[in-house]
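# Fold and geometry: a report
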Amino acid sequence: MPAIGGFDMGTGKAYPGNLTLYVTVTCVVAATGGLIFGYDIGISGGVTSMGPFLKKFFPSVYEKEALDKSTNQYCKFDSETLTLFTSSLYLAALAASLVASKVTRKFGRKLSMLVGGVLFCAGAIINGFAKAVWMLILGRILLGFGIGFANQSVPLYLSEMAPYKYRGALNIGFQLSITIGILVANILNYFFSKIKGGWGWRLSLGGAVVPALIITVGSLVLPDTPNSMIERGQHDEAKIKLIRIRGVDDVEEEFNDLVAASEASKLVEHPWRNLMQRKYRPHLTMAILIPFFQQLTGINVINFYAPVLFKTIGFHDDASLMSAVITGGVLVVATFVSIYGVDKWGRRFLFLEGGTQMIICQIIVAACIGVKFGVDGDPGNLPKWYAAVVVLFICIYVAGFAWSWGPLGWLVPSEIFPLEIRSAAQSVNVSVNMFFTFLIAQVFLNMLCHMKFGLFLFFAFFVFVMSLFIFFFLPETKGIPIEETSEIWKRHWFWSRYVGADSYNNSLEMAKENHPVKNV
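Per chain, residue numbering runs from 1 following the sequence as it is written. Since the coordinates come from a predicted model, pLDDT governs what is reported: local features require at least 70, and pairs of side-chain atoms require 80 or more to be given and counted, while whole-chain, interface and lining totals use all residues. Values shown for side chains rest on all heavy atoms present in the structure; no hydrogens or waters enter the calculation.

Now for the overall build of the chain. Within the chain one finds 24 helices and zero strands. Any residue under 20% of the maximum accessible area for its type is buried, any over 50% is exposed, and the rest in between are partly exposed; the area is computed with a 1.4 Å probe on protein chains only. Across the 520 residues of the chain, 63% fall into the buried class. Long-range pairs, those at least 24 residues apart, make up 83% of the contacts in the chain between residues at least 6 apart in sequence. Counting from the N terminus, the helices are the DSSP runs of H or I reaching at least four residues and the strands are the DSSP runs of E reaching at least two. The contact definition used throughout considers only heavy atoms, calling two residues in contact when any of these lie within 4.5 Å.

Cavity: a set of points on a 1 Å grid over the protein atoms alone where a 1.4 Å probe fits but cannot get out. Pocket: an open set with protein on both sides within 12 Å along at least five of seven lines, its lining residues, like those of a cavity, having an atom within 4 Å of a point. Grid points are joined across faces, edges and corners, and a volume is the space filled by probe spheres set on the points. One pass over the structure, following the stated rule, counts eight cavities of 30 Å³ or more. Here the largest cavity is characterised by a volume of approximately 180 Å³. The wall of the largest cavity is formed by 19 residues, among which Tyr15, Ala162, Tyr164, Arg246 and Glu254 lie closest to the centre. When contributions to the lining of the largest cavity are tallied by element, the ones reaching two or more residues are helix 7 (133-161) and helix 13 (252-266). Counting residues per element, the lining of the largest cavity draws most heavily on helix 13, at three residues.

The definition of a nonpolar core used throughout is a set of buried Ala, Val, Leu, Ile, Met, Phe, Trp, Tyr and Cys residues joined through side-chain atoms within 4.5 Å. Ranked by size, the top nonpolar core spans 127 residues in total, and within it Phe53, Phe58, Trp405 and Met434 carry the most contacts. When residues of this core are assigned to their parent elements, the largest contribution, 13 residues, is made by helix 21 (residues 422-451). Excluding residues within four positions of it along the chain, methionine 434 makes contact with Phe37, Tyr90, Ala93, Leu94, Ile147, Asn151 and Trp410. Membership of the second largest hydrophobic core comes to six residues, among which are Leu176, Leu183, Tyr190 and Leu321.

Moving on to the side chain of glutamate 415. Within the secondary structure, glutamate 415 is located in helix 20 (residues 405-416). Taking relative accessible area as the criterion, glutamate 415 reaches 0% and is therefore assigned buried. Leaving out residues up to four positions away in the same chain, glutamate 415 has contacts with Ser159, Arg167, Arg347, Thr477, Ile482 and Thr485.

A cluster of nonpolar side chains, Phe464, Leu468, Phe471 and Phe472, forms an exposed patch at the surface whose accessible area comes to about 360 Å². Structurally, leucine 468 is set in helix 22 (residues 454-473). In this analysis, a patch consists of residues with relative accessible area above 30% that form no salt bridge, clustered at 9 Å for like charges and at 5 Å for the nonpolar side chains Val, Leu, Ile, Met, Phe, Trp and Tyr. Computed with the Shrake-Rupley method and a 1.4 Å probe, the accessible areas treat only the protein chains shown as cover for residues. Just to be clear on terms, a salt bridge is a Lys or Arg side-chain nitrogen sitting within 4 Å of an Asp or Glu carboxyl oxygen.

Those residues of helix 1 (residues 21-31) not exposed but buried are Val23, Thr26, Cys27, Ala30 and Ala31. For helix 1, the angular spread of buried residues about the axis comes to 130°, placing them on one side. Those residues of helix 1 that are exposed and aimed more than 90 degrees away from the buried face are Leu21 and Val28. The secondary structure elements touched by the buried residues of helix 1 are helix 2 (33-47), helix 6 (109-128), helix 7, helix 8 (167-192), helix 10 (209-221) and helix 12 (235-246). This arc corresponds to the set of directions leading from the helix axis out to the C-beta atoms.

Let us now look at helix 19 (residues 384-402). Here helix 19 contains 19 residues, and its C-alpha end-to-end distance of 27 Å stays within 8% of the 27 Å for a straight helix at 1.5 Å per residue. Within helix 19, the full set of buried residues consists of Tyr386, Ala387, Val390, Val391, Ile394, Cys395, Tyr397, Val398, Ala399, Gly400, Phe401 and Ala402. Between the first and last residue of a helix there are one fewer steps than residues, each counted as 1.5 Å, and that sum is the expected span.

Right, let's talk about the packing of helix 2 against helix 7 for a bit. Only the stretch in contact is used when a helix axis is fitted, and all axes are lines through C-alpha atoms; the angle between N-to-C directions ranges over 0 to 180 degrees. Where helix 2 meets helix 7, the axes come as close as 8 Å, and the angle between the chain directions of the two elements is 140°. As far as their axial angle goes, helix 7 and helix 2 are oblique. Remark: the crossing between helix 2 and helix 7 carries left-handed chirality. On the side of helix 2, the interface is formed by Gly33, Ile36, Phe37, Asp40 and Ser44, while helix 7 contributes Arg140, Leu143, Gly146, Ile147, Ala150, Asn151 and Val154. Residues are grouped as follows: nonpolar covers Ala, Val, Leu, Ile, Met, Phe, Trp, Tyr, Cys and Pro; charged covers Asp, Glu, Lys and Arg; every other residue, Gly included, is treated as polar. Taken together, the residues of the contact of helix 2 with helix 7 sort by class into six nonpolar, four polar and two charged. For classification purposes, angles smaller than 35 degrees are called roughly parallel, those larger than 145 roughly antiparallel, those between 65 and 115 roughly perpendicular, and all remaining angles oblique. Two helices that cross are described as forming a left-handed crossing if the nearer one is turned anticlockwise from the farther one by less than a right angle, and a right-handed crossing if clockwise.

It is worth spelling out the environment of arginine 497 at this point. With respect to the helices, strands and loops of the structure, arginine 497 is situated in the loop between helix 23 (487-490) and helix 24 (503-514). Here arginine 497 falls in the partly exposed class, since its relative accessible area comes to 46%. The sequence separation of arginine 497 and lysine 279 amounts to 218 residues, and the corresponding C-alpha distance is 9.0 Å.

Once that is clear, we can look at the packing of helix 2 against helix 5 (residues 80-107). Here helix 2 crosses helix 5 at 160°, and the two axes come no closer than 10 Å. On the basis of the axis angle, helix 2 is roughly antiparallel to helix 5. Both helix 2 and helix 5 take part in a crossing whose hand is left-handed. Taken together, the residues of helix 5 that come into contact with helix 2 (itself represented by Phe37, Asp40, Ile41, Ser44 and Val47) are Phe85, Thr86, Leu89 and Tyr90. Tallied by class, residues from the contact of helix 2 with helix 5 come to six nonpolar, two polar and one charged.

Quick look at the confidence of the model for the chain now. Known as pLDDT, the predictor's per-residue confidence is scaled from 0 to 100. The predicted model of the chain averages 82 in pLDDT, with 84% of residues at 70 or higher. Taken element by element, the predicted model of the chain shows its lowest mean pLDDT in helix 24 (48) and its highest in helix 22 (94). Every residue in residues 1-11 scores below 50 in pLDDT, and together they form 36 contacts with partners more than four places removed in sequence or on other chains.

Looking now at the packing of aromatic side chains. Working definition: rings of Phe, Tyr and Trp (its six-membered ring) pair if their centres are within 6.5 Å, and the pair is stacked with planes under 30 degrees apart, edge-to-face with planes over 60 apart, and tilted otherwise. Under the definition given, this model contains 30 aromatic pairs. Here phenylalanine 458 and phenylalanine 459 contribute two aromatic rings whose centre-to-centre distance is 5.3 Å and whose plane-to-plane angle is 75°, an arrangement assigned as edge-to-face. In our convention, an over-ring charge means Lys NZ or Arg CZ found within 6 Å of a ring centre and within 35 degrees of that ring's normal. In this structure, arginine 244 packs its charged tip against the face of tyrosine 22, placed 3.8 Å from the ring centre. The ring of phenylalanine 471 is capped by arginine 348, whose NZ or CZ atom sits 5.7 Å from the centre of that ring.

A word on the state of the cysteines. Disulfide: a pair of cysteine sulfur atoms within 2.5 Å of each other. For the coordinates displayed, the defined rule picks out zero disulfides. Here cysteine 395 is not disulfide-linked; the sulfur of cysteine 361 is the nearest cysteine sulfur, at 9.7 Å.

In this section: the side chain of arginine 246. Relative to the assigned elements, arginine 246 resides in helix 12. Under this definition, polar contacts are N or O atom pairs within 3.5 Å; protein pairs additionally need one hydrogen-donor-capable and one acceptor-capable atom, and for neighbouring residues in sequence, both atoms have to be side-chain atoms. A distance of 3.0 Å separates a polar atom in the side chain of arginine 246 from the backbone oxygen of methionine 161. Side-chain polar atoms of arginine 246 contact the side chain of glutamate 254, separated by 3.0 Å. Beyond its immediate sequence surroundings of up to four residues, arginine 246 is in contact with Pro16, Gly17, Asn18, Thr20, Glu160, Met161, Ala162, Pro163, Val251 and Glu254.

And the structure:
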């Protein structure tokens, strides 16, 4: 019977394997690829609230913010050039992710990580030594290329390397690294902003070299995944590697299924065109809507512009940066809740609980800002208790995101794609994510100026819609081997009409018959 609301728990296959020290260390090292993404998110909002940085590169914004005290608080930072500085990176990441899919498939996941680290390092150096706006934009584009490659390969690497029972927790290491990068960036912004002479922003931007070097060096020492090795014809090495990472000798069934999936994928000459086939309709839908919804939670409003946002609601420079540090700390701590619970409570529970929590907090924050700022943006004197209430509910909102849409927005897409479309579908996932990250970053300050406190209600509405989508259309993937997740769509009340009962099995059986597995 089809699963109503997506509760079906899959195939019943259980591959033997342990959570070995080897695979744990490997996944921790690979997950550091998230540091570059997180550091950039955190650093961007901080430097765009530093007076010396604005004065040098965006003098009109500086004058509007620092000299014109009568300006409507909602509109003080509204500048297309300033938002272009932040958002240009994400268009570059979008373009890079399309190229990265071919690199990831043909040359392996770790090479894609290496390319991402090197490009990000180059962009960080250019930004640290920037003398003009064009250097900032060039640096941001290179950073974007780096993020496009890393975000394409790291989630796939983690999902393929992890034992299926622990795939959720290990994959969320990527999101944990993103949150740690955001927190570290917020802390550095706080201290670098105090440097006399006003050049602390150079350290903030140039400091991105450190996470770039971590993932660059890490990619050189990491092994490739058995899935990727099989995909490139290295069957003997792949089986030896699978035995090592699972910690048991009995890997025959899993190895045979990986080979069969790989051979089936080779029958697909055009994975991009293949994505449009009817049987991949649920995968394509998730690859588009999950990253789309993730950005419309409104989280990047907080991550990008937390210091600017807190200055807008009445905090002074130091207080706004410190508030961003607090929200960054909440992001890190709350991510551990997801790591603990994702393989115990399941993906759907975290999605739905986190969504409910975010909706409530966004409505309360909108009410708080609306009461004090009204529609004219003049708050008068803001009492400390008011600021504390706003920060408290923003932190509760951030916590809800950190154990739901934050990590699961990367985890779920990376674990549901069959091997034959995995790289292409992950590219779609990253591209949609980067496009809407770009869009939100580019239009947020303008939206804040025009929609005022209603902006939070705008995002609350979308969180409500996406929670309904998860409830009705996303099946549970907890505890299902990655090459068996295709089975869950056949039992789903809606997607079963698109995924034929024999569509996957036929291709796998053909692969097994036409390409017998060689025992090692």
